[in-house]
Amino acid sequence: MYTNSFDERINRIDWQPSAVPTRQMIDSVLASRLPRQPRSAVLSLAGAIVGILIGTGLKGMSLAGSPWGPETGLAGAIGGSLALAGLAASVSAALMAAAKGNEAPRLMQFASMNLLMIVVVLLS
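About the thresholds
Residues numbered from 1 in each chain as written. Predicted model: local features only at pLDDT ≥ 70, side-chain atom pairs only at ≥ 80, totals over all residues. Heavy atoms only, no water. Axes fitted to C-alpha atoms, helices over the stretch in contact; angles between N-to-C directions. Helix = DSSP H or I, 4+ residues; strand = E, 2+ residues; numbered from the N terminus. Parallel < 35°, antiparallel > 145°, perpendicular 65-115°, else oblique. Left-handed = near helix turned anticlockwise from the far one by under 90°. Contact = heavy atoms within 4.5 Å. Nonpolar A, V, L, I, M, F, W, Y, C, P; charged D, E, K, R; others polar.

Caption draft 1: Representation of the packing of helix 3 (residues 40-62) against helix 4 (residues 74-100) in the model. Closest axis-to-axis distance for the helix 3/helix 4 pair is 8 Å, and the angle between their directions is 130 degrees. With respect to helix 4, the element helix 3 is oriented oblique. Crossing angle aside, the handedness with which helix 3 passes helix 4 is left-handed. Of the residues in helix 4, those in contact with Ile54, Gly57, Leu58 and Met61 of helix 3 are Gly80, Ala83, Leu84, Gly86, Leu87 and Ser90. Class assignment of the residues belonging to the contact of helix 3 with helix 4 gives a composition of six nonpolar, four polar and no charged.

See the structure below:
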C-alpha cells in the first residue's frame, strides 16, 4: 500500500527524471538571486581616500603653516570643524559596523580602512 501511494503521488505531480525545467522556473530562480555586491576593492579604496582626507584635515589643524591651522580665522574654524565631524562620523560608522557584525560587512570594510588611514596620516 505504501509503495502504491508513493507511485500514485509521483504520477500525480507528473514528475519525470529527464524533464527540462520550464521557462517560468528558470525566470523565478534568476529573479530570486541577490543583486551583485560592489567589489571589495572599491570599498577599500573609498575608505582609504576618505580616511586620507580626514587625516590630512586633522593633521593640518595643528600645523601652523596650513590654511586651516591655528590662528587662521574663519577658514581654520570651518576646516577644523569639518575634520572633527569627519572623525566623529568615522568612529561612529566603525562602532555601528562592529555592533552589526555579519549584517554589515561592507560597512565594516569601509570603516576599518577609513580609520586605518586616519591613524596612518596622523602618525606620519
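On we go from here.
Caption draft 2: Examining the packing of helix 4 against helix 5 (residues 105-123) more closely. Interaxial distance between helix 4 and helix 5 falls to 9 Å at its minimum, and their mutual angle equals 140 degrees. Comparing the axis directions of helix 4 and helix 5 gives the class oblique. The handedness of the crossing between helix 4 and helix 5 comes out as left-handed. The residues of helix 5 that touch helix 4, namely those facing Leu87, Ser90, Val91, Ala93, Ala94, Met96, Ala97 and Ala98, are Leu107, Met108, Ala111, Asn114, Leu115 and Ile118. Of the residues belonging to the contact of helix 4 with helix 5, the class tally is 12 nonpolar, two polar and no charged.

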